[in-house]
Amino acid sequence: MRKLLRRWFIDGMSFMALGLFSSLIIGLIMDTIGTYIPFLSFMTEIGAVAMALTGAAIGAAISYGLKAPPLVVFSTVVVSYAAYEFGGAAGSFIASIAAVEISRLYSGKTKIDIIVTPLLTITAAYSVAQFVGPWIGDFMTSVGDFIVFATNQQPFVMGTLVAVVFGLMLTAPLSSAALALMLEISGLAAGAAVIGCCCHMVGFAVQGYRDNGVSGLISIGVGTSMLQVPNIFLNPFIVVPPTLASAIIAPIMTVFFPMENNAAGAGMGTSGFVGQIMAIETMGMSVEVIVLILVFHIILPAVVTYLIYVLMRQLGMIKDGDQILQH
């Protein structure tokens, strides 16, 4: 059972995030670029096409990531595309997992596999998606709505919790991006989630500079803090500074300087600067928005994390070499 849970929720969601980035997220980025840069307005149309194929991209990514045979991969693309209409990203996730797992019963076991595999896979997984998809989609939306409601009612406490959870998920071998999109988190709650993710990415980049130099600063700060997972297992204390920074910075934003975001940016942080682009997409382009982004997404995460890191280093809890990236 543990192996199945890892296969579905760690491997599956990790590859789902790649599918989301290759469709919905990159589509939103292109749409934003086309909206604010007149001579690149054609990118808006391309972005719309990318977003329209989100379900198909999720299916391709998950089936590929779970090492499904070619016919199953292609069939899953069809099913996942349809399932996205039933239950959004969560519906596509369920349909894709169902397609891959059900196909293991018959794929490659008959002489007419080219007919049997796509026929049974599409029929069975589509039935699962049609029945379960809307329920799953509605449930995830309800959870997201509750988080948004709670954050608006208790911005200090809920802002802190949302930021800490999403920051830890970003660094863990899970997918904060997939979770944010499945929950359809938005508004102030999404703004808090972005800060949590930024604290882990910018924070790990800054506190690991002594060990990794400029290359590490860029690969973690604009890539992913997940690169530090092996080092966290060796010294769990290194995750404390960015996590505390999340808990400190997010409530300052939610209470005094409200920043909103959307589901596509909520779980991304500074990865490809998606969180910042989506902040502009949500709040509009202005000097105030740019200043808030610089302060809460980059400057404060860097400064607060580094100060906590220095204190823990002086206490001997973190040492040189603890954060060297594995090659």
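Higher on the page you've got the structure.
In this report, we go over the structure that sits alongside the text. Because the structure is a prediction, the values reported are computed rather than measured. (Residues numbered from 1 in each chain as written. Predicted model: local features only at pLDDT ≥ 70, side-chain atom pairs only at ≥ 80, totals over all residues. Heavy atoms only, no water.)

1. Some details on the overall build of the protein
Assigned secondary structure in the protein consists of 14 helices and 0 strands. N-terminal to C-terminal, the α/β element order of the protein is α-α-α-α-α-α-α-α-α-α-α-α-α-α. When each of the 327 residues of the protein is scored for burial, the buried share is 53%. When contacts within the protein are restricted to residue pairs at least 6 apart in sequence, those whose partners lie at least 24 apart make up 75%. Accessible surface computed for the protein: about 14900 Å², of which carbon and sulfur atoms make up 74%. When the 11 positive and 15 negative side-chain charges of the protein are each reduced to one mean point, those points stand 21 Å apart. (Helix = DSSP H or I, 4+ residues; strand = E, 2+ residues; numbered from the N terminus. Buried < 20%, exposed > 50% of the residue type's maximum accessible area, 1.4 Å probe, protein only. Contact = heavy atoms within 4.5 Å. Areas by Shrake-Rupley, 256 points an atom, 1.4 Å probe, with all protein chains shown as cover. Lys, Arg positive; Asp, Glu negative; His and termini not counted. Charge placed at Lys NZ, Arg CZ, Asp CG, Glu CD.)

2. Quick word on the side chain of Thr160
One can find Thr160 in helix H6 (residues 155-171). Residue Thr160 is classed as buried on the basis of its relative accessible area of 15%.

3. Observations concerning the nonpolar core
Counting 72 residues, the largest nonpolar core has Met16, Ile25, Phe166, Leu181, Met182 and Ile185 as its most contacted members. Residue contributions to this core peak at 11 residues, all from helix H8 (residues 187-207). Core analysis: the second largest hydrophobic core is formed by 6 residues, Val79, Ala95, Ala125 and Ala129 among them. (Core = buried A, V, L, I, M, F, W, Y, C linked by side-chain atoms within 4.5 Å.)

4. Considerations on the layout of surface pockets
Empty pockets left among the atoms are what a rolling probe the size of a water molecule brings to light. Size it by volume and the second largest pocket reaches roughly 200 Å³. Of all elements in the fold, only helix H1 (2-36), helix H4 (70-103) and helix H5 (113-153) reach the threshold of two or more residues within the lining of the second largest pocket. Among the elements that make up the lining of the second largest pocket, the one with the highest residue count is H4 (4 residues). (1 Å grid on protein atoms, 1.4 Å probe; cavity = no way out; pocket = protein on both sides within 12 Å on 5 of 7 lines; lining within 4 Å. Points joined across faces, edges and corners; volume = space filled by probe spheres on them.)

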